[in-house]
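The lines below spell out each chain.
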Amino acid sequence: MSAGWKYIVAVECFIFAMVLLAMGAVEVAHTGEWIYRSGSHEYIYDMVRHQPNYSYFIISTVLLSVSAVVIRRERKKQCVAKANERHEKEGAEYDGMLGKLTCEARKKIESGAGLSHKELLEWAAEMDRYEAKEIVLGIEKPLYRIKTGTDPEKWTEINGKMRRGQRIFHRAWTCAVENCPEEALATLEEALADLSDASAELGKITGR
Amino acid sequence: MAIMKSISEISPKAVILGLVSGVVICAATVYVGLMAGIAPGASIPVAIIGFGVFKGILPIFKKNGTILEINITQTSGSGVAHVAGGLIFTVPALWLLGYNDFNLVYMGIAAVIGALAGIVFIIPLRKQMIEIDALPFPGGTAVAEILKAPGEGVRKSKIMLVGFAIGTLVTLMTIGSGLDFLNRIIPLSRELPLGEWLGLPPYIPFAFAVSTALIGAGIITGGKLASITFVFCLFGSFVLAPWAVMKGIVPASDAEGIKSAFPAVQQFVLKPFGVGALIGGALMGFVFSGKAMAHGVKSILKADWKNTGEMPGKALIILAVGGLVGLSLIGIIASGDPIRGLIAGVVGMIWIFMAAVIISECSGLTNMSPISGMALIATLLMLAIFGTSRSGVYAAVMMGAAVCVAAGEASDMMHDLKTGHLVGSVPRKQQLVQIYSPVVGIPVALIILGVLAKAYGIGGDVLPAPQAGALQGIIEMVKGGAVPYFTILGGVVLGTTLSVAGISGVMAGIGIYLPMSYPFALAAGGWCRSLASKIFGEEKTKEYAIPFAAGLIAGDAITMLVNALYIISKALPGGGA
C-alpha cells in the first residue's frame, strides 16, 4: 500500500522541524551559557535583552506538533488497511497434533501408567509447535494488528486473557520437561481454556 | 488416581544459591566498577550457576532442581547484584567532592527505600510492558532461552553453544586488561573508530562497538526497533554534534579543543537532549496508553492474588506509602529542613516512578539503561529543592543514589518477569524474591565500598571511579550554573512530538543519548535478523536466531564476569598485581 501525499509531506516537515529544533536548542543554550559566563546576575532579564534566536524553537515546535498529528492520523488509516490486507493472506493452519498427544497423555496418567521422558519431551515439542502456529499466528498477531482501531478496554481484556493463557501454557511446557505430567495436563487445560476465550472474543471483532 | 506431583518453584536452596551468587557478583561489580567503570551483568551468570548446580551437581546426589527454581535463583541473585551499579555511580561522587565524613547508614536506608519503591512502582506495569506492549527484553529472553535449552532439543542447544563460543571468543579478543592473552595475539578494539578511518572530525563519533551482547540484543529486538534508535543516533551525531561545535558551545578551533570535543558535545548537548527526548517519550506513553495502562493497573490492584498470581494490591500501596514517608524523612535528616525534605520526598518518589518506567522501557527495547541520565535529572531536581550548599549536595546525591538503585532494580525486575513469563513462573513469587534481594545487596555493596574507599581512596590511580566522576561533573556543572535547560527542553519537545507521530520517543531518546557505537551494534544485530527473515522466513529465523543471540549475550556476560573476578584475584595481597 502506498503512502498518501499528506503522509509524505508531514514526514518531510517533521524531519525539517527536527533539524530546526536541534539548532534552536543549541542556539538558546549557547546564548544562555555565554550570558552566565559574562557574570550577570539578572540571568532571565539578560536572556530577553540579548534576544537569543527563539524563532527556531517556536517554529520547530509548532511544525513538529502539526506534522506529528497528521502523521499519527495517516498511520492509523494505514494500519487498519494493512491489517485487513494481511489478514486475508496469513492463515494459522494447525494439524491438531497437540490435542491427540494430550488425549494420549491423559489416558496414560489416568490409568497410572505414566509417561516416559521421551514422550514428555515430544509432548513439550508439540506445545512449541502449537504456540508458533495457533497462539502467535492465530491470536497474537491478528490481535496486535487491530490494536489501533479497537476500544482500548476491550483490546486489553482480550490481550490479558491471551497473555495469561500463554504464561500458563509455558508453565505446562516446563512441567512436561521437568517430568510433572499431571501438573502439565492440568495447566495445559487451564491455558487452552483462556486461549480459546481470547480467540472467540477476537473472532467477534474480526468476524473470523 | 495417583497424588499429583507438583513442580517445585520457590525453595530454600534456590533462594540461598541466588543470594550467595548475587553477593559474590555484587562485590565484584563494586570493585571492577570503581576501577574501570565496568558493571558485568548478573542475570545470565547467576542463571548459568543455577543451571550448573541444579542440573549438573545436585543430580549426582540424586536430587534435582527445576527450571522454575533456577528462575527464582537468577531473580534473587540479579536483585542482589544489581544494586551495585546504582551505588557505584552515585555514592563515590561524594568522596570525589570532598565529603569524607558522610553517613553510609543513611545512604543505605535511602538506597533500600529507593529499591523498594522502584520495584513496587514497576510491578503494576508488568501487564503494560510484558503483556500489552510485549517488549522484547533481550536480557530476559536470553535467560529464558538458557533455562529452556535442555527441553528444546539438542539442535537448539548446539546453536546456543555456537553463539556462546563466538561471544566468548570475540569478548576475549577485545578485553584490554585482565584476561587479555587473546587480545595480545589478535588486538581487536572494543570500539572500531570508523569516523577516524573515514577522516571525520572527532566531534562526530562514528564508531561500531565490537560487543556480541549488543549484537545479540539487536537480534532479539529486531531490525525495525533497532533501526529507529540508529536513525536518531545519526541525527545526534551528524546534526546536533556538528551544530553545537559550529555554534561554539564546545571549542574546536585549537588542537586540544578538537581532542576534547566529543566528550564535551556528549555532556552538554547529546546527553541532555537525549534525556529530554526520553522524558517526552515516556510522558506521551502515559498519555496514549493511559486507558490501557489504568485498566492493567486496576486489574492487578483488584485481582484475587491467590488465583491470578499477582502481588496483592494493598501490599503494594502500603510499601509505596512507606517509601514516601521514608524518603521524606531521609531528605529532612540530610538537609535539616522539614519542608524541603518533604517536597524532596514527594518529588523523589515521582521521579523514581518516571525513572523506573523509562529505564525499564529502554532496557526492554534495547537492553541498555541510561542510568546516568536519570541521575542527572534527579540531581538537578534535588539541587533545585535543596540548593547547592554542602547539605544540599549531600541530600541530592543521596536521592540520586535512591533513584539509580530504584531504576536498576525496576529494570531487573522487568527482565526477570519476562523470563518468568517465558518459562511459566508465578509473578508473585518472583516479585517477593526481588523485594528482599536489595535489602541483602545494599549493605554488602556499601560495606565493600566503604572498605575500598578507606584502603585505596576514591579518585586515585587504583580506584578512579569513572562513573562517579561523571556525576561529580554534573554536580559541578549545576553549581556553576551551566545547566543545559533548553537543550533538555528541546529533547522533551522532540520526544513528545515523535510519540504523537507514532514513533517511540524513548527509542529516539536512547539513540541520541548513547555514544554512536552502541546503537550501531544493536542495529547491526537487528538488520541481520531482518535479512535472515527475508531469506529463511520469520518462523524459521526466530527458531534459530533467538537461541543464537542468547548464546552471544551469555558469552559476553560470562567472559566479562570471569575477567572481573580474575582482576580482583590479581589485586588481592599475593595476587601478583
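Residues numbered from 1 in each chain as written. Chains lettered and ligands numbered in written order. Predicted model: local features only at pLDDT ≥ 70, side-chain atom pairs only at ≥ 80, totals over all residues. Heavy atoms only, no water.

**Description of the overall build of chain B**
Part 1 of the argument: Tallying secondary structure elements over chain B gives 25 helices and 2 strands in all.
Part 2 of the argument: Projecting the C-alpha coordinates of chain B onto the three principal axes gives extents of approximately 80 × 60 × 55 Å.
Part 3 of the argument: Long-range pairs, those at least 24 residues apart, make up 81% of the contacts in chain B between residues at least 6 apart in sequence.
Part 4 of the argument: With 34 positive and 25 negative side-chain charges, chain B shows a spacing of 7 Å between the two charge centroids. (Helix = DSSP H or I, 4+ residues; strand = E, 2+ residues; numbered from the N terminus. Contact = heavy atoms within 4.5 Å. Lys, Arg positive; Asp, Glu negative; His and termini not counted. Charge placed at Lys NZ, Arg CZ, Asp CG, Glu CD.)

**Considerations on the pattern of salt bridges**
Part 1 of the argument: Counted by the stated rule, this structure contains 17 salt bridges over all chains.
Part 2 of the argument: A salt bridge links Arg129 of chain A to Glu126 of chain A; the shortest N-O distance between them is 2.9 Å. Linking Arg129 of chain A with Glu126 of chain A, this pair stays in helix 5 (residues 117-145), spanning 3 residues, or about one helical turn.
Part 3 of the argument: Judged by its relative accessible area of 35%, Arg129 of chain A is partly exposed.
Part 4 of the argument: Measuring nitrogen to oxygen at the nearest pair gives 3.6 Å for the salt bridge that ties Glu131 of chain B to Lys127 of chain B. (Salt bridge = Lys/Arg side-chain N within 4 Å of Asp/Glu carboxyl O. Buried < 20%, exposed > 50% of the residue type's maximum accessible area, 1.4 Å probe, protein only.)

**Side note on unusual backbone geometry**
Part 1 of the argument: Notably, Asn179 of chain A is not glycine yet its phi reads approximately 65 degrees, a positive angle.
Part 2 of the argument: If you trace the backbone, Asn179 of chain A turns up in the loop between helix 6 (152-177) and helix 7 (181-206).
Part 3 of the argument: Since its relative accessible area comes to 35%, Asn179 of chain A is described here as partly exposed.
Part 4 of the argument: Positive phi is not limited to glycine here, since Phe137 of chain B has a value of about 40 degrees.
Part 5 of the argument: Here Phe137 of chain B shows up in the loop between helix 5 (126-132) and helix 6 (138-148).

**A short note on the nonpolar core**
When a protein is soluble and globular, its nonpolar side chains tend to lie buried together.
Part 1 of the argument: Trp123 of chain A together with Trp351 of chain B are the most contacted members of the largest nonpolar core, which has 204 residues in total.
Part 2 of the argument: Setting aside anything within four residues of it in sequence, one finds Trp351 of chain B in contact with Ile279, Ile358, Met374, Ile377, Ala378, Leu381 and Val403 of chain B.
Part 3 of the argument: Of all hydrophobic cores here, the second largest spans 30 residues; its members include Phe232, Ala244, Phe273 and Ile512 of chain B. (Core = buried A, V, L, I, M, F, W, Y, C linked by side-chain atoms within 4.5 Å.)

**Quick notes on the environment of Val297 of chain B**
All names here are of chain B.
Part 1 of the argument: Position of Val297 relative to the elements: it lies in helix 14 (residues 290-302).
Part 2 of the argument: Placed 22 residues apart in sequence, Val297 and Val275 show a C-alpha to C-alpha distance of 26 Å.
Part 3 of the argument: Not counting the four nearest positions on each side in its chain, Val297 is found in contact with Pro124 and Leu125.

**Observations regarding the confidence of the model for chain B**
Residues and elements named next belong to chain B.
Part 1 of the argument: Looking at chain B, the pLDDT average stands at 83 and 93% of residues meet or exceed 70.
Part 2 of the argument: Ranking the elements of chain B by mean pLDDT puts helix 12 (residues 255-259) last, at 48, and helix 3 (residues 67-96) first, at 91.
Part 3 of the argument: With a pTM of 0.84, the predicted complex shows an ipTM of 0.82. (pLDDT = per-residue confidence, 0-100.)

**Some points on the interface of chain A and chain B**
Part 1 of the argument: On the chain B side, the residues contacting the 57 residues of chain A number 62 residues.
Part 2 of the argument: Taken over both partners, the interface formed by chain A and chain B buries close to 5200 Å², and the fraction arising from carbon and sulfur atoms is 64%.
Part 3 of the argument: Linking chain A to chain B there are 2 salt bridges.
Part 4 of the argument: Between Arg171 of chain A and Glu9 of chain B there is a salt bridge, and its shortest N-O distance comes to 3.0 Å.
Part 5 of the argument: Summed over the shared surface of chain A and chain B, the number is 13 residue pairs in polar contact (both at pLDDT 80 or more).
Part 6 of the argument: Elements with a minimum of two residues in the side of chain A that touches chain B: helix 1 (5-37), helix 3 (55-89), helix 5, helix 6 and helix 7 of chain A.
Part 7 of the argument: Top contributing element to the side of chain A that touches chain B by residue count: helix 6 of chain A, with 17 residues.
Part 8 of the argument: Here the residues of the side of chain A that touches chain B sort into 30 nonpolar, 10 polar and 17 charged. (Buried area = accessible area lost by both parts, 1.4 Å probe. Polar contact = N/O pair within 3.5 Å; in protein donor to acceptor, adjacent residues only side chain to side chain. Nonpolar A, V, L, I, M, F, W, Y, C, P; charged D, E, K, R; others polar.)

**Some remarks on helix 16 (residues 313-335) of chain B**
Residues and elements named next belong to chain B.
Part 1 of the argument: The first and last C-alpha atoms of helix 16 sit 33 Å apart over 23 residues, in line with the 33 Å expected at 1.5 Å per residue.
Part 2 of the argument: Those residues of helix 16 that fall on the buried side of the exposure criterion are Gly313, Leu316, Ala320, Gly323, Gly326, Leu327, Ser328, Ile330, Gly331, Ala334 and Ser335.
Part 3 of the argument: Looking one or two residues past helix 16, Gly336 carries a phi angle of roughly 75 degrees, positive in sign. (Expected span 1.5 Å × (residues − 1).)

**Description of the packing of aromatic side chains**
Part 1 of the argument: Per the stated rule, a full pass over the model turns up 12 aromatic pairs over all chains.
Part 2 of the argument: Between Phe102 of chain B and Tyr394 of chain B, the aromatic rings sit 6.4 Å apart at their centres with planes inclined by 50 degrees, giving tilted as the arrangement. Of the two residues, Phe102 of chain B sits in the loop between helix 3 and helix 4 (104-122) while Tyr394 of chain B sits in helix 19 (residues 390-423), which places them 292 residues apart along the sequence. Like Tyr394 of chain B, Phe102 of chain B is buried.
Part 3 of the argument: For the pair Phe206 of chain B and Phe238 of chain B, a centre-to-centre distance of 5.9 Å together with 70 degrees between the ring planes defines the contact as edge-to-face. Within this pair, whereas Phe206 of chain B is found in the loop between helix 9 (194-198) and strand 2 (208-209), its partner Phe238 of chain B is found in helix 11 (residues 223-246), the two being separated by 32 residues in sequence.
Part 4 of the argument: Through successive ring pairs, a cluster of aromatic residues spans Phe206, Phe208, Phe230, Phe238, Phe520 and Trp527 of chain B.
Part 5 of the argument: Positioned above the aromatic ring of Trp173 of chain A is the side chain of Lys148 of chain B, whose terminal nitrogen or guanidinium carbon lies 5.1 Å from the ring centre.
Part 6 of the argument: Against the face of Tyr99 of chain B rests Arg390 of chain B, its NZ or CZ located 4.2 Å from the ring centre. (Phe/Tyr/Trp six-rings, centres within 6.5 Å; stacked < 30°, edge-to-face > 60°. Lys NZ or Arg CZ within 6 Å of the ring centre and 35° of its normal.)

**Side note on a nonpolar patch on the surface**
All names here are of chain B.
Part 1 of the argument: Together, Val105, Tyr106, Ile109, Ile317, Val321, Val325, Leu329 and Ile333 make up an exposed nonpolar region whose accessible area comes to about 690 Å².
Part 2 of the argument: Breaking the nonpolar patch down by element, the ones donating at least two residues are helix 4 and helix 16.
Part 3 of the argument: If one sorts the elements of the nonpolar patch by residue count, helix 16 sits on top with 5 residues.
Part 4 of the argument: You can see Val105 is positioned in helix 4.
Part 5 of the argument: Here Val105 falls in the exposed class, since its relative accessible area comes to 56%. (Patch = residues over 30% accessible without salt bridge, like charges linked within 9 Å, V, L, I, M, F, W, Y side chains within 5 Å. Areas by Shrake-Rupley, 256 points an atom, 1.4 Å probe, with all protein chains shown as cover.)

**A short note on the packing of helix 2 (residues 43-57) of chain B against helix 6 of chain B**
Residues and elements named next belong to chain B.
Part 1 of the argument: For the pair helix 2 and helix 6, the least separation of the axes is 10 Å and the interaxial angle reads 10 degrees. Relative to helix 6, the element helix 2 is oriented roughly parallel. When helix 2 is examined against helix 6, the residues Ser43, Ile44, Ala47, Ile48 and Phe51 are found in contact with a partner set consisting of Ala142, Val143, Ile146 and Leu147.
Part 2 of the argument: Per-class residue counts for the contact of helix 2 with helix 6 are 8 nonpolar, 1 polar and no charged. (Axes fitted to C-alpha atoms, helices over the stretch in contact; angles between N-to-C directions. Parallel < 35°, antiparallel > 145°, perpendicular 65-115°, else oblique.)

**A closer look at the environment of Val70 of chain A**
Residues and elements named next belong to chain A.
Part 1 of the argument: Among the secondary structure elements, Val70 is positioned in helix 3.
Part 2 of the argument: Residue Val70 is classed as partly exposed on the basis of its relative accessible area of 27%.
Part 3 of the argument: For the pair Val70 and Lys6, spaced 64 residues apart in the sequence, the C-alpha separation amounts to 7.5 Å.
Part 4 of the argument: Residues within four places of Val70 in sequence aside, it is in contact with Lys6 and Ala10.

**A closer look at the side chain of His415 of chain B**
Part 1 of the argument: Along the polypeptide, His415 of chain B turns up in helix 19.
Part 2 of the argument: Excluding its chain neighbours within four sequence positions, the residues that come into contact with His415 of chain B are Phe137, Pro138, Gly139, Gly140, Ser363, Gly364 and Asn367 of chain B.

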